[in-house]
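Coordinates in review
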Amino acid sequence: MARGRLRIYLGAAPGVGKTYAMLAEAHRRTERGTDCVVAFVEHHGRPRTEVMLHGLEEIPRRELEYRGAVFTEMDVDAVLARRPRVALVDELPHTNIPGSRNAKRWQDVEELLAAGIDVVSTVNIQHLESLGDVVESITGVRQQETVPDEVVRRADQIELVDMSPQALRRRMAHGNIYQPDKVDAALSNYFRPGNLTALRELALLWVADRVDEYLNAYRSEHRVSAIWGSRERIVVGLTGGPEGRTLIRRAARLAEKGAGGEVLAVYIARSDGLTSASPKELAVQRTLVEDLGGTFHHVVGEDVPAALLDFARGVNATQIVLGVSRRRSWQYVLGPGVGATVARDSGPDLDVHLITHDEAGKGRLPLGRSARLGRSRIIWGWLTGVLGPALLTWLLTGAAPEVGLANDMLLFLALTVASALLGGLLPALTSALVGSLLLNWFFTPPVHTLTIADPENIVAIAIFVGVAVSVASVVDLAARRTQQATRLRAESEILSFLAGSVLRGETSLEALLERVRETFGMESVALLERADDVAPWTCAGGVGPRPCRTPENADVDMPVGDHLTLALSGRVLPASDRRVLAAFAAQAAVVLDRQRLRQEAGRAKELAEGNRIRTALLAAVSHDLRTPLAGIKASVSSLRSDDVEWSEEDRAELLEAIEAGADRLDHLVGNLLDMSRLQTGTVTPIVRETDLDEVVPMALGGVPEDSVELDIPETLPMVDVDRGLLERVVANVVENAVKYSPKGTPVLVKASSLADRVEVRIVDRGPGVPDEAKERIFEPFQRHGDSPRGVGVGLGLAVARGFAEATGGTLTAEDTPGGGLTMVLSLPPARGRGPERPELPAAVTS
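Description of the structure in this document. Small disclaimer: the values here were computed from a predicted structure and weren't measured. (Residues numbered from 1 in each chain as written. Predicted model: local features only at pLDDT ≥ 70, side-chain atom pairs only at ≥ 80, totals over all residues. Heavy atoms only, no water.)

Now for the overall build of the protein chain. Helices and strands together make up the secondary structure of the protein chain, namely 24 helices and 24 strands. Counting every position in the protein chain, which comprises 846 residues, the buried fraction comes to 42%. Residue pairs at least 24 apart in sequence account for 70% of intrachain contacts in the protein chain once pairs closer than 6 positions are excluded. About 45100 Å² of surface is accessible on the protein chain, with carbon and sulfur atoms providing 55% of the total. (Helix = DSSP H or I, 4+ residues; strand = E, 2+ residues; numbered from the N terminus. Buried < 20%, exposed > 50% of the residue type's maximum accessible area, 1.4 Å probe, protein only. Contact = heavy atoms within 4.5 Å. Areas by Shrake-Rupley, 256 points an atom, 1.4 Å probe, with all protein chains shown as cover.)

Before going further, it helps to spend a moment on the packing of aromatic side chains. The geometry of an aromatic ring pair comes down to the distance between the two centres and the angle between the two planes. Going through the model one piece at a time under the given rule, you end up with zero aromatic pairs. For Arg61, the ring lying beneath its charged end belongs to Phe40, and the centroid distance is 4.0 Å. Over the ring of Phe40 we find Arg105, and its NZ or CZ is 3.8 Å from the ring centre. (Phe/Tyr/Trp six-rings, centres within 6.5 Å; stacked < 30°, edge-to-face > 60°. Lys NZ or Arg CZ within 6 Å of the ring centre and 35° of its normal.)

Going through the model one piece at a time under the given rule, you end up with 25 salt bridges. In this structure, Arg801 and Glu775 form a salt bridge, with 2.9 Å as the shortest nitrogen-oxygen distance. In this pair, Arg801 is assigned in helix H23 (residues 796-806) and Glu775 in the loop between strand S22 (757-763) and H23, connecting sequence segments 26 residues apart. Overall, Arg801 belongs to the buried group, its relative accessible area being 16%. Take Glu775: its relative accessible area is 48%, and that puts it in the partly exposed class. Three or more residues are tied together by salt bridges with common partners; here these are Arg7, Glu25, Arg28, Arg29 and Glu159. (Salt bridge = Lys/Arg side-chain N within 4 Å of Asp/Glu carboxyl O.)

Quick look at the state of the cysteines now. Counted by the stated rule, this structure contains zero disulfides. Among the cysteines around Cys539, which has no disulfide bond, Cys548 carries the closest sulfur, lying 9.4 Å off. With relative accessibility at 31%, the residue Cys539 sits in the partly exposed group. According to the relative accessible area criterion, Cys548 is buried, its value standing at 8%. (Disulfide = S-S within 2.5 Å.)

Among the surface-exposed residues, Glu648, Glu649, Asp650, Glu653, Glu656, Glu659, Asp663 and Asp666 lie close enough to one another that they form a single negatively charged patch. Among the structural elements, Glu648 can be located in helix H20 (residues 648-680). You can call Glu648 exposed: its relative accessible area is 61%. (Patch = residues over 30% accessible without salt bridge, like charges linked within 9 Å, V, L, I, M, F, W, Y side chains within 5 Å. Lys, Arg positive; Asp, Glu negative; His and termini not counted. Charge placed at Lys NZ, Arg CZ, Asp CG, Glu CD.)

The next point concerns the packing of helix H15 (residues 405-423) against helix H16 (residues 425-443). Closest axis-to-axis distance for the H15/H16 pair is 8 Å, and the angle between their directions is 160°. Comparing their axes, H16 and H15 come out roughly antiparallel. The hand of the H15/H16 crossing is right-handed. Counting all contacts with H15, which are made through Leu405, Asp408, Met409, Phe412, Leu415, Thr416, Ser419, Ala420 and Gly423, the residues of H16 involved are Leu425, Pro427, Ala428, Ser431, Ala432, Gly435, Leu438, Leu439 and Phe443. Here the contact of H15 with H16 is built from residues that sort into 12 nonpolar, five polar and one charged. (Axes fitted to C-alpha atoms, helices over the stretch in contact; angles between N-to-C directions. Parallel < 35°, antiparallel > 145°, perpendicular 65-115°, else oblique. Left-handed = near helix turned anticlockwise from the far one by under 90°. Nonpolar A, V, L, I, M, F, W, Y, C, P; charged D, E, K, R; others polar.)

What follows is about the sheet that holds strand S12 (residues 319-323). The five strands are arranged S11-S10-S9-S12-S13 in an open sheet whose pairing can be described as parallel. Two strands bound the open sheet, and with one partner strand each, they are strand S11 (295-300) and strand S13 (351-355). With strand direction ignored, the average angle separating the axes of adjacent strands in the sheet is 25°. Summarising the sheet, strand S9 (residues 233-238) and strand S10 (residues 262-269) pair through six bridges and their orientation is parallel. Residue Gly237 lies in a different strand from S10, and its bridge partner there is Val266. Sitting on the sheet, helix H10 (residues 243-256) touches S9, S10, S12 and S13, and the angle it makes with S9 is about 175°. The sheet strands contacting helix H12 (residues 304-314) are S9, S10, S11 and S12, and the helix crosses S10 at an angle near 150°. (Pairing = 2+ DSSP bridges.)

Bringing the sheet that holds strand S1 (residues 6-11) into the picture now. The six strands lie next to each other as S3-S2-S6-S7-S1-S8, forming an open sheet whose pairing is parallel. Every interior strand has two partners, whereas the edge strands, strand S3 (57-58) and strand S8 (157-161), have only one. Across four bridges, strand S2 (residues 36-40) lies against strand S6 (residues 86-89) in parallel orientation. From the neighbouring strand, Val37 faces S6, where its bridge partner is Ala87. Lying over the sheet, helix H4 (residues 105-114) contacts S1, S2, S6 and strand S7 (118-124), oriented at roughly 180° with respect to S6.

Burial runs high along strand S24 (residues 821-827): seven of the seven residues are buried. Neither face of S24 is open: one carries Leu821, Met823, Leu825 and Leu827, the other Thr822, Val824 and Ser826, and all of them are buried. Of the pairings in the sheet, the one linking S22 to S24 comprises six bridges and is antiparallel in character. Bridging across to S24, Val763 finds its partner in Thr822. With six bridges joining them, strand S23 (residues 810-815) and S24 adopt antiparallel strand pairing. Across the sheet, the residue bridging to Leu811 is Leu825, located in S24.

Another aspect to go through is the side chain of Ser707. Mapped onto the elements of the fold, Ser707 is located in the loop between helix H21 (692-695) and strand S19 (708-711). Within the structure, Ser707 has its side chain in polar contact with the backbone oxygen of Pro704 (distance 2.5 Å). Non-local contacts of Ser707, meaning those with residues more than four positions away in its chain, are made with Val738, Pro746 and Val747. (Polar contact = N/O pair within 3.5 Å; in protein donor to acceptor, adjacent residues only side chain to side chain.)

Here we take up empty space enclosed by the protein. With the rule as written, the count across this model stands at four cavities of 30 Å³ or more. Considered as a void within the structure, the largest cavity measures approximately 40 Å³ in volume. Taken together, the residues of the lining of the largest cavity break down into seven nonpolar, no polar and two charged. (1 Å grid on protein atoms, 1.4 Å probe; cavity = no way out; pocket = protein on both sides within 12 Å on 5 of 7 lines; lining within 4 Å. Points joined across faces, edges and corners; volume = space filled by probe spheres on them.)

So, on to the packing of H12 against helix H13 (residues 338-345). Running from N to C, H12 and H13 point in directions that differ by 45°, and their axes come no closer than 9 Å. If you check the angle between H12 and H13, you find them oblique. The interaxial crossing formed by H12 with H13 has right-handed handedness. Here Val304, Pro305, Leu308, Leu309 and Arg313 of H12 come into contact with H13, specifically with Val338, Thr341, Val342 and Asp345. Residue composition of the contact of H12 with H13, grouped by class: six nonpolar, one polar and two charged.

The terminal C-alpha atoms of helix H22 (residues 723-740) lie 26 Å apart, and with 18 residues this matches the ideal 26 Å at 1.5 Å per residue to within 8%. Buried within H22 we find Leu725, Leu726, Val729, Val730, Asn732, Val733, Val734, Asn736 and Ala737. Backbone nitrogen of Leu725 and a side-chain oxygen of the N-cap are separated by 3.1 Å at the start of H22; the cap is Asp722. (Expected span 1.5 Å × (residues − 1).)

Looking now at a nonpolar patch on the surface. Taken together, Ile379, Trp380, Trp382, Leu383, Val386, Leu387, Leu422, Leu426, Leu429, Val465 and Val469 make up a surface patch of nonpolar side chains, about 940 Å² in accessible area. Put simply, the parts of the chain that give the nonpolar patch at least two residues each are helix H14 (375-398), H16 and helix H17 (455-504). When residues of the nonpolar patch are assigned to their parent elements, the largest contribution, six residues, is made by H14. Note that Val469 resides in helix H17. On the basis of relative accessible area, Val469 is assigned to the partly exposed category, the value being 31%.

Spelled out as structure tokens, the structure:
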């Protein structure tokens, strides 16, 4: 089934008549015999819009009840069952009432389109999602109902419904948009002339961009290569030199003279990578062109003029701005240059502007090719190219004068190749020139003159010079290619490490900055940031002695966005190294964002945990505190009542209930206070040597008699603990064990020494705890199984574990052989004590 087509009437502002235009289109289609229905149209009480509904079939709406009121929405199922050719759906960004088929009306429309039904809909420019912030800054009103831009962009047809601000305000004043009681407020707020003008401009620009997309798609489908000057597009050709800033500003002024002018700056890089502009200068020019509202493009091409013209024609440009050539007069012998070639081949559709600048005619910037070979190699290359031929001439004339001219030429050729291998092209050319002169003077008859008697020797000398130059060029190119390959290999290794660190999730900013410092041999590296363009720089992270505090004080700075930069001090980096540095700078920005997101996540987790604990605490207060309070109050009220004569037994029972409730409250409040101390980190243990047989029996005072069986050997070593905290730990764990133990089965509290630890095991024969819940029972406000709320708020074990860890011990849960649960409290032995308790003197034991 073919997908339906979507047509949208885009309104510049509310009340411009988009719904009226949609209904008029429906009447035209109906008159032509098209099956057209009204799926949902809201006339908002406007008489003229309501009249336009007459004569059109309307699909009954679906009624939904929400918060005690009845609302109507489009019945998608009814429309799908009716299957019209065209459906009218008003207000595309509308949010459906909860309980509807979809959350948004545009999602309903997507279903209709998928079913092959054509849809005509409406939307105002202020409801586009991408323009929400802009509209709010203009009108002061945040649109709550929005539609994704992509939904509107996918429409097969978009028709702008526009009206001048003055005409729209007149419609408002005549009561054709809002009710009379709302007109004055609307005219003085949302419908001010400035607001309407700004919304109108937004709508026109948005539709213009959409029309531009249609035009590009049409040109691509029909392979139209000719330039259609629908609006001024100015391409600026950059070389990476400082004159590029002048060209960009000049192009921006040209674009301002025509409505809707656009500036596109482009840098053409050769694919061999042997020549490249300064990355820092290109970054500055990129920022400049983007600040002026243009775009920056990086294109790779062998033939710079051809690549520039292809790019200009591809973007449907109307003008090209180039700088006057930097060549000197004699260099035009080598060719006409980029500017002249572009002007010659541009054709009648493209205007080419040649802009003068301060660098014109000063010669090309040094490309620094020979510098890639190293200073020592260059020196040896020049020595070989200049002194080598002289030394070879002395050896041949003195030691081997009868070698022959052919062999002499081969030897000089070998020397030229050697100088090319060492120093590059220029030393090799010098060697070829000096060698040819020496060959002519010393070895070509007649000797000691620059004349050549035999024509064959002239040919031989010429061939020697040609071969020498050719071989030198090839050797130089191979040497530079090898150097380039070595550099690219090093860069790939560095970038591979960087990518690996990203995949491994390494997020230490200092480690990354230290890696930058080591990789580029710098003294210090700092990542600087600021809030805006005028705010002072702050150091987000730095390594090395005295990191830079501002980009101006750095030897190298690599911007990352508008308000973040990587500053390095120690030496000036060559342009070829800045590409890798840019990757490190981008990764540093990512690491910084990741660290801050982690911190935010940690704070959010703490807040969520705090909220969870507060919620559980409120639940505990609402029941577990109120229950004993209610019992105490009831008992006290009964005792104070004069209507009933209580017997002594009744009074004792009521007093016992009051005492039990007070004890329960005291225990509960104590646990809550202990938990709050653990959460805030204010537990400060006082550790000292302690005998377990002195503390453990005291912790059993709150449990019924005969409910605990105690086994604490006197030979146990002493432990380093806080006596008060240890008593609370044992008391809470034993109380929990007694609570779940069967009646008549005592809980066993047994202590023993194991390796370098002392263990206290609290063993019960209760129902036990499954393995997956053994850790969960130590969390705050946890009750195992279906324990009723009256048994406590679930803090006893959480407090016990917290106090145990505060004293250097651990508290874990194990299964009791045969059924039940065993709590294992592991404590550190006292330092300096042996495994056995020392025997007391006889006088003390007696």
